[in-house]
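Secondary and tertiary structure notes
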Amino acid sequence: MEEQIIGKVRDKLKVGIENYRSAGDAPAKVDVYDVIEEVFADLNPNLGDEAKISVEESSGCLRNAYLNRKDPAERTHKQMVSALMEKGALSVLEKPVEGEVQVAGNIKLVGRADRVEDDVVMMFRRVGELPEIPSAEHFIQINAYLYMFNKEEGVIIYFDNEGNEAEIIVPKSQRLFKETSRRARILNTLLKNNIIPALEPSSKCSDCAHNEKCYYSSEDKQKWGFWARGKWRELKPKSIL
């Protein structure tokens with residue numbers, strides 16, 4: 001799967017570049033921006049099936065996961081390129097394995113681990129500064145993969161921009177997996193009943209594609225910055241659906 005995506009990117013970029021070189025004033029048949037959008041969509045598919053909840057969805061903001069399915073936001077060029085660069089930089093280390101584990105009834109937790117060896121599951125992540133402990137999101141994800149692939153130990157390998165690395169060994173946690181399964185069941189219920197999840201404020205909110213849907217009223221969507229308009233006292237969750 002990963003090799004097919006990389007091959008698709010290479011072929012489409014080649015066609016796009018050749019068209020730009022030969023087109024002159026004529027519009028190119030394949031636009032590089034279109035290539036980026038298509039590959040980004042391949043790496044971030046909409047599962048569709050409400051009974052299948054991804055590891056990323058259950059470990060992150062449930063509101064974001066819900067909106068990605070029910071009311072997808074248009075990503076900026078910068079957001080898409082950043083995601084592709086993040087994935088491409090570490091893809092040479094990966095040997096992706098897809099899996100799933102049942103959490104309740106017909107509800108399944110699904111995901112694709114970066115690498116699964118005989119006795120360990122591996123995750124590769126790029127960060128600005130090497131952490132002393134893994135982030136909560138990464139800890140939840142690696143633990144879910146341990147249950148998905150029936151392994152007792154996982155390792156998260158962090159790389160900073162200078163090539164330094166930090167390996168953090170993560171033991172299996174039944175309590176954490178129960179909580180992850182609970183979040184998957186909650187998201188499944190909300191998706192089926194078209195009920196938007198409550199806000200889960202975090203440092204990621206400022207860069208989230210759905211930010212305005214959570215914090216701005218429809219009449220307040222102006223081009224000026226939120227803080228510059230002096231509206232911070234009115235900050236409160238807004239109903240979406």
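Okay, so let's go over this structure. Computed from a predicted model, the values in this text were never measured in an experiment. (Residues numbered from 1 in each chain as written. Predicted model: local features only at pLDDT ≥ 70, side-chain atom pairs only at ≥ 80, totals over all residues. Heavy atoms only, no water.)

Residues A166, I168 and V170 of strand 7 (residues 165-171) are buried on one face, while the alternating residues E165, E167, I169 and P171, pointing to the opposite face, are not. Looking at chain direction, strand 6 (residues 153-159) and strand 7 are connected through seven bridges and run antiparallel. Residue I157 lies in a different strand from strand 7, and its bridge partner there is E167. Where strand 6 folds back onto strand 7 in an antiparallel hairpin, the turn is made up of five residues, including G163, whose phi is positive at roughly 90°. (Buried < 20%, exposed > 50% of the residue type's maximum accessible area, 1.4 Å probe, protein only. Helix = DSSP H or I, 4+ residues; strand = E, 2+ residues; numbered from the N terminus. Pairing = 2+ DSSP bridges.)

The next thing to look at is the packing of aromatic side chains. This model, assessed by the stated rule, comprises two aromatic pairs. Summarising the aromatic geometry, the rings of Y147 and F177 are spaced 4.3 Å apart at their centres and angled 10° between planes, so their arrangement reads as stacked. Placement of the pair is Y147 in helix 6 (residues 136-148) and F177 in helix 7 (residues 174-193), with a sequence separation of 30 residues. A relative accessible area of 23% places Y147 in the partly exposed class. Across the ring face of Y147, the terminal group of K172 is positioned such that the distance to the ring centre comes to 4.5 Å. (Phe/Tyr/Trp six-rings, centres within 6.5 Å; stacked < 30°, edge-to-face > 60°. Lys NZ or Arg CZ within 6 Å of the ring centre and 35° of its normal.)

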